[in-house]
Protein chains: 2
Amino acid sequence: MLRGKNLIAGEWRTADETFRAVEAATGEPLDPPFACASAAEVAEACAAAAEAQPHFAALPLERRAAFLRLVADKIDGLGTILTRRVMAESGLPEMRLDGERARTVGQLRLFAEEIENGAWQALRIDHADPSRTPPKPDVRMRKIPIGPVAVFGASNFPLAFSVAGGDTASALAAGCCVVVKGHPAHPGTSELVAGAIAEAVAQIDLPGGVFSLLNSTSNALGEALVRDPRIAAVGFTGSRGGGLALMQHAANRPVPIPVYAEMSSVNPVVLMPHRLARAAEELGKAYVASLTLGAGQFCTNPGVVLGIAGDALDTFLGAVRGELSQVPAQTMLTGNIADAYATGSQRLSGEAGVELVGLGAEGSARCGRAQVYTASGSAFAANRVLSEENFGPGSIVVQCTDLAEVRSILAAMEGQLTATLHMEEADYEDAAAILAIMENRAGRILANGWPTGVDVTHAMVHGGPFPATSDGRSTSVGTLAIDRFLRPVAYQNMPDALLPARLREGDAGTLRRIDGEYGC
Amino acid sequence: MLRGKNLIAGEWRTADETFRAVEAATGEPLDPPFACASAAEVAEACAAAAEAQPHFAALPLERRAAFLRLVADKIDGLGTILTRRVMAESGLPEMRLDGERARTVGQLRLFAEEIENGAWQALRIDHADPSRTPPKPDVRMRKIPIGPVAVFGASNFPLAFSVAGGDTASALAAGCCVVVKGHPAHPGTSELVAGAIAEAVAQIDLPGGVFSLLNSTSNALGEALVRDPRIAAVGFTGSRGGGLALMQHAANRPVPIPVYAEMSSVNPVVLMPHRLARAAEELGKAYVASLTLGAGQFCTNPGVVLGIAGDALDTFLGAVRGELSQVPAQTMLTGNIADAYATGSQRLSGEAGVELVGLGAEGSARCGRAQVYTASGSAFAANRVLSEENFGPGSIVVQCTDLAEVRSILAAMEGQLTATLHMEEADYEDAAAILAIMENRAGRILANGWPTGVDVTHAMVHGGPFPATSDGRSTSVGTLAIDRFLRPVAYQNMPDALLPARLREGDAGTLRRIDGEYGC
């Protein structure tokens, strides 16, 4: 069934050097062996992408949208073959993967709608005024695709943030050809999804260079991809170390390019006093549920909880302890991730002033054991280790002396994907001051919820100041993600015959800003 | 009259170490001496900016707009004192500077309107749907200021791209405090304009940290500014070397930040055959006028002209030669710029296959001598030196064998701020293929004009792929420039009481995208 090959501009390619995926739960090698792409194949894929780029960019938007919808249909069509392979490679349960597949095809279809909506083109028309001194020219703007995009598949969302995930969907929606570096933890999943894209490319009669998939276990391949002169931008979700390395490669190119890396976040959650007093137990249970979802392998995992020390917080911690004792050990995505989590937990537990609150069940070495620690506000503030991400189902509850300490801890934290307030009306006045700090530290602020769900909508922001992402000016989830792969171009005194259709006089139906006024 | 001091958060500060501006035309030192800011003062200005930032960001938009308008009024109010000082420091003529001042205050007032328009906030609301599985949350987005911005004054626009120029205006409009590193060629001009801003800051009752001006002749000061942890973004217009250095400093910070550097462009102009045949002489004259405007010291100077070798192009070159002979020597902005231009011209004239077309009048060593060279398409394509920017009134006309050679030369060029087509209807078919190449190489494409005018409008793009700018995803002229200094934040299930006013249910009057639909 699986080929074990790389997909280069529509062609499946084998190689002498291969690697195997392993079953996440056992570490046993899975068939088939997968070809490792060569540096020459990176260059070939990028050259094909560059050649296809003008054609793909010029495709009528309706056809670009049809392409994304067809990719979604093809992924749906992979049925249980896909689910079984992802389960084996990721250790994630079937229900979660069904949900993740729905998210993956849902975001492809949402971007198809977005393409057709057209407002992302930022169309602007300023009419000439020959009577002005100096004469005012006719100037018209639109946004165009930035060029071929390199996408790095993420291990923790083998569907929704991998081969046909959010970065690929938004780059294709922007009109950019895509070269994916598949994550070595799930090459079979990658191949199945790439096959679905390749079928859609062929069926819509696009050049093969619109999409390529390269597999490798070596970081050198990723570096070669980012350094290829034909690549115009990079999308990445993964570790801080990995993201920083890609940022450096991109900055050191003869022609530097933007990197959108989503890297590291502990997603602080603040339990405001009135809410905590009323619902300590309920909050404790919901916290553990969010923390342990998917073995804690979410970028938006609640890694730090802040509350005021006292009876209510003790009740909260008691509920956490009780709830944790019910949490089974869960297989983690890879052995490396399980090892890193165990090491990180060990380190945290040994830091001064850190005490264990509770533990989940212990499993194999490939499992993550749920665990929650606690520390005082001063201990937390004094030691950067306590606020570092430890990817997995581990978290720390910070017992602050007062809200002033909560504020000062939040203000000193690194950039975050999310920040959360649990509150009720009596808390609002104090919450407003905390919210103002959160706005400067995070991309998304939640009220009375848990950060682990990231809805794919128009208003969603999955981004945030460094190191949450490399570039807090954007989002990698939701329709605004398309803007990462666009750049503006202006046309001055261009005759209608040569203007792009949607910038012509009279052409309507898309949001445009004409002489300063927005309208359709 | 002039203090010779730095402005740090509302306070004028002196120093032991000083430098003097020189009269551009003569090199004679001008009074008074100017204090060199220290590293400690950089830190002080940045700390004050960070402290003022939340206050300035939270200012009602109407007051932020009023502040920009007041800055414009104060600059207008400086009258001829300002003009005389800029003339002395820059060597630019009065009429040009009157125009540049009108542009400067005009863009401040345009950004004031833009602030009030509010669409730049990218307001989006997605309503909840509790019946969906999983329940859909209420998510609302807006863009907020990125934080304090460091602006580097440009020498070639001592008003419009210096202390209160485009970068400062767009950063303030976005709600970001600004720390300006003044250009050492015009410290008097900088002080006068900074004084106008300081008066407006005081009059609107803003914290002094909203704006600071630091002077120095040392690059170390600029580096310290870019490396200061409180700076969130950088705006720069200047040399490629200078821009690249700032990009490296920003990328190597513990927290990397975006740099918007506008650096280097030769702005190719293509003379299409039918148009050239009909208007060779007229085009030649207009070319020389554009080339020598302001002693050629525009980022959008037409540095490379492409045409098909033949009688019409010979006529064009004849007109260029004749026109050049009428061009007087013009004082350049600084002695360094005049020296670099002379050296660059010398180098170009010595390259293989390069021939002189014509020269303007010779002046002092501080003047730029207008000069146009010519080369064959193959000579141009073979030697990268011929397509490098030589800042000043020099340019090269490339005699191509056919339009295929024009296309291949354009496709191989580095990123540009502008690209221009001179054409008439019979040229349109061939022009369309060239336009497609230009879209991928430039931020603005002109038809039948010259690139040296950059109108400040909504649709303007003054940007383009590297090395025209460090970041082709943006513009430094026109209202879209505000977007450089913003980042999106989402609010999930946030009660109305805590939402920003314009994201509340019912609040209207600003363009918002509600459940996917745009409306006011």
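Residue positions within a chain follow its written sequence, with the count starting from 1. To label them, take the chains in the order written and letter them from A, then take the ligands in the order written and number them from 1. This being a predicted model, a pLDDT of at least 70 is required before a residue's local features are given, and a value of 80 or more before pairs of side-chain atoms are given or counted; all residues contribute to the totals for chains, interfaces and linings. Note that water and hydrogens are dropped before the side-chain values are worked out from all heavy atoms of the structure.

Residues and elements named next belong to chain A. The start and end points of each domain follow an automatic or database-based domain assignment. Splitting chain A by domain gives domain 1 (44-263 + 472-485), domain 2 (269-447) and domain 3 (491-519). On a C-alpha basis, the centres of domain 1 and domain 3 stand 27 Å from each other. Across the interface of domain 1 and domain 3, roughly 1,600 Å² is buried in total on both sides, 47% from carbon and sulfur atoms. Summed over both partners, buried area is the accessible surface (1.4 Å probe) that two parts give up on being assembled. Three residues stand out in domain 1 for area buried against domain 3, namely Leu123, Ile125 and Arg140, and they jointly supply 41% of the buried area on that side. The salt bridge definition used is simple: a Lys or Arg side-chain nitrogen within 4 Å of an Asp or Glu carboxyl oxygen. Along the contact surface separating domain 1 from domain 3 lie two salt bridges. We note a salt bridge from arginine 502 to glutamate 62, for which the minimum N-O separation is 3.5 Å. Within 3.5 Å is the distance limit for a polar contact, defined as a pair of N or O atoms, with the added protein rule that one can donate a hydrogen and the other accept it, and that residues adjacent in sequence qualify only through two side-chain atoms. Where domain 1 touches domain 3, the interface holds 11 residue pairs in polar contact (both at pLDDT 80 or more). Helix numbering and strand numbering both begin at the N terminus, where a helix is a DSSP run of H or I of at least 4 residues and a strand a DSSP run of E of at least 2. Elements with a minimum of two residues in the side of domain 1 that touches domain 3: helix H2 (61-77), strand S5 (123-126) and strand S6 (139-145). At five residues, S6 tops the list of elements feeding residues into the side of domain 1 that touches domain 3.

Here the focus is the packing of aromatic side chains. Pairing of aromatic rings covers Phe, Tyr and Trp, the last through its six-membered ring, and needs centres within 6.5 Å; plane angles under 30 degrees mean stacked, over 60 mean edge-to-face, and all others mean tilted. Taken as a whole, this structure holds 14 aromatic pairs over all chains when the rule is applied. Here the aromatic rings of tyrosine 287 of chain A and tryptophan 450 of chain A are separated by 5.8 Å at their centres, their planes lie at 25°, and the arrangement is stacked. Of the two residues, tyrosine 287 of chain A sits in helix H9 (residues 273-292) while tryptophan 450 of chain A sits in the loop between strand S20 (442-447) and strand S21 (486-492), which places them 163 residues apart along the sequence. Neither tyrosine 287 of chain A nor tryptophan 450 of chain A differs from the other in exposure class; each is buried. The interplanar angle of 80° and the centroid separation of 5.6 Å between the aromatic rings of tyrosine 260 of chain B and phenylalanine 485 of chain B together place this pair among those described as edge-to-face. Here's how the labels work: a residue is buried when its accessible area is under 20% of the maximum for its type, exposed when over 50%, partly exposed in between, all with a 1.4 Å probe on protein chains only.

With that settled, the discussion passes to the pattern of salt bridges. Within this structure, the stated rule accounts for 54 salt bridges over all chains. With a closest N to O distance of 2.8 Å, glutamate 439 of chain B and arginine 142 of chain A form a salt bridge. Taken together, the residues glutamate 439 of chain B in helix H14 (residues 428-441) and arginine 142 of chain A in strand S6 connect one chain to another. The same class applies to glutamate 439 of chain B as to arginine 142 of chain A, namely buried.

What follows concerns the state of the cysteines. Here, the term disulfide refers to a pair of cysteine sulfur atoms separated by no more than 2.5 Å. For the structure shown, the criterion picks out zero disulfides over all chains. Of the cysteine sulfurs around cysteine 176 of chain B, a residue in no disulfide, the closest is that of cysteine 177 of chain B, at 7.7 Å.

When the parts come together, some accessible area is lost, and that loss is often what is quoted as the size of the interface. Taken together, the contact between chain A and chain B spans 72 residues of the former and 72 residues of the latter. Carbon and sulfur atoms supply 59% of the area that chain A and chain B bury against each other, a total of about 5,800 Å² over both sides. In this assembly, chain A and chain B are joined by eight salt bridges. Seen at the junction of chain A and chain B, the total is 34 residue pairs in polar contact (both at pLDDT 80 or more). Sorting the residues of the side of chain A that touches chain B by element identifies helix H4 (94-117), S5, S6, helix H8 (240-251), helix H14 (428-441), S20 and S21 of chain A as the ones contributing at least two each. Amino acids are sorted into nonpolar (Ala, Val, Leu, Ile, Met, Phe, Trp, Tyr, Cys and Pro), charged (Asp, Glu, Lys and Arg) and polar (every other residue, Gly among them). Of the residues in the side of chain A that touches chain B, the class split is 40 nonpolar, 13 polar and 19 charged. For S20 of chain A and strand S21 (residues 486-492) of chain B, the ladder comprises three bridges, and the chain directions are parallel. The residue of S21 of chain B that forms the bridge with arginine 444 of chain A is alanine 490 of chain B. Note on contacts: a residue pair qualifies if any of its non-hydrogen atoms lie within 4.5 Å across the two residues. Here, strands pair whenever DSSP counts at least two bridges between them.

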